[in-house]
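As a plain string of letters, each chain reads:
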Amino acid sequence: MTNFSRLSALKLAALVGVLIAGCGPNDGVQELADGRAAYQAGDIKKATKLLTKSAALNPLNVDAFVSLALIKIEAGELDEAQGWIAKAEALSAGDTDVRQLSAQIAYHAKDY
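The shown structure was predicted, so the numbers you read here are calculated from the model rather than taken from an experiment.

What counts, and at which threshold
- Residues numbered from 1 in each chain as written.
- Predicted model: local features only at pLDDT ≥ 70, side-chain atom pairs only at ≥ 80, totals over all residues.
- Heavy atoms only, no water.
- Helix = DSSP H or I, 4+ residues; strand = E, 2+ residues; numbered from the N terminus.
- Expected span 1.5 Å × (residues − 1).
- Buried < 20%, exposed > 50% of the residue type's maximum accessible area, 1.4 Å probe, protein only.
- Contact = heavy atoms within 4.5 Å.
- Salt bridge = Lys/Arg side-chain N within 4 Å of Asp/Glu carboxyl O.
- Axes fitted to C-alpha atoms, helices over the stretch in contact; angles between N-to-C directions.
- Parallel < 35°, antiparallel > 145°, perpendicular 65-115°, else oblique.
- Left-handed = near helix turned anticlockwise from the far one by under 90°.
- Nonpolar A, V, L, I, M, F, W, Y, C, P; charged D, E, K, R; others polar.
- pLDDT = per-residue confidence, 0-100.
- Polar contact = N/O pair within 3.5 Å; in protein donor to acceptor, adjacent residues only side chain to side chain.

This brings us to helix 3 (residues 44-57). Between its first and last C-alpha, helix 3 extends 20 Å over 14 residues, near the 20 Å set by a 1.5 Å rise per residue. For helix 3, the full list of buried residues reads Ala47, Thr48, Leu50, Leu51, Ser54 and Ala55. The elements touched by buried residues of helix 3 are helix 2 (29-40), helix 4 (62-74) and helix 5 (78-91).

This model, assessed by the stated rule, comprises two salt bridges. Taking the shortest distance from any N to any O, the salt bridge between Glu77 and Lys72 comes out at 3.0 Å. Overall, Glu77 belongs to the partly exposed group, its relative accessible area being 32%. We classify Lys72 as buried; its relative accessible area is 11%. The partner of Lys72 in a salt bridge is Glu80, and the shortest N-O contact between them spans 3.4 Å. On the basis of relative accessible area, Glu80 is assigned to the partly exposed category, the value being 40%. Because the salt bridges share partners, they merge into one network encompassing Lys72, Glu77 and Glu80.

Attention now goes to the packing of helix 4 against helix 6 (residues 96-108). Where helix 4 contacts helix 6, the two axes come as close as 11 Å, and the packing angle between them is 25°. By the angle class used here, helix 4 and helix 6 are roughly parallel. Note that helix 4 runs across helix 6; the crossing there is left-handed. For the pair helix 4 and helix 6, the contacting residues are Val62, Val66, Ala69, Leu70 and Ile73 in the first and Val98, Leu101, Gln104, Ile105 and His108 in the second. The residue inventory of the contact of helix 4 with helix 6, partitioned by class, reads eight nonpolar, two polar and no charged.

This brings us to the confidence of the model for the protein. Averaged over the protein, the pLDDT score is 84; the fraction of residues at 70 or greater is 77%. Note that residues 18-23 has pLDDT below 50 and, in this model, zero contacts with residues that lie over four places away or in other chains.

All right, on to the side chain of Ser92 then. For Ser92, the position within the fold is in the loop between helix 5 and helix 6. At 2.8 Å, the side chain of Ser92 and the backbone oxygen of Ala88 are in polar contact. Not counting the four nearest positions on each side in its chain, Ser92 is found in contact with Val62 and Val98.

With that settled, consider the environment of Ser67. With respect to the element layout, Ser67 can be found in helix 4. We classify Ser67 as buried; its relative accessible area is 13%. Each C-alpha atom of the pair Ser67 and Ile85 lies 9.1 Å from the other, and the pair is 18 residues apart in sequence. Sequence-distant contacts of Ser67, that is, excluding residues within four places in its chain, are made with Leu32, Arg36 and Leu51.

Printed below as a string of structure tokens:
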């Protein structure tokens, strides 16, 4: 192997390593976990930001929608809570927890 090809092989290996390190899954799972942790720590603004990002990265993530609905209920933002729980309901028809949260939102909004 010549010096040129050895150097090229090293550059290629380094480039592949960098690409692999930066190509982790971006499915919103980490944002969901971090958002829940921020919520538990009382940082509602950070939790909302992370959970919204999780929902955007994975629009099938019912857990992110439910978590956002809960935050909005606590903030008294019932219209937004209803929007988030409607998305969860569309994805998980018949899920008892989602239906119960939807009923809770309707009760608070006096929409019954």
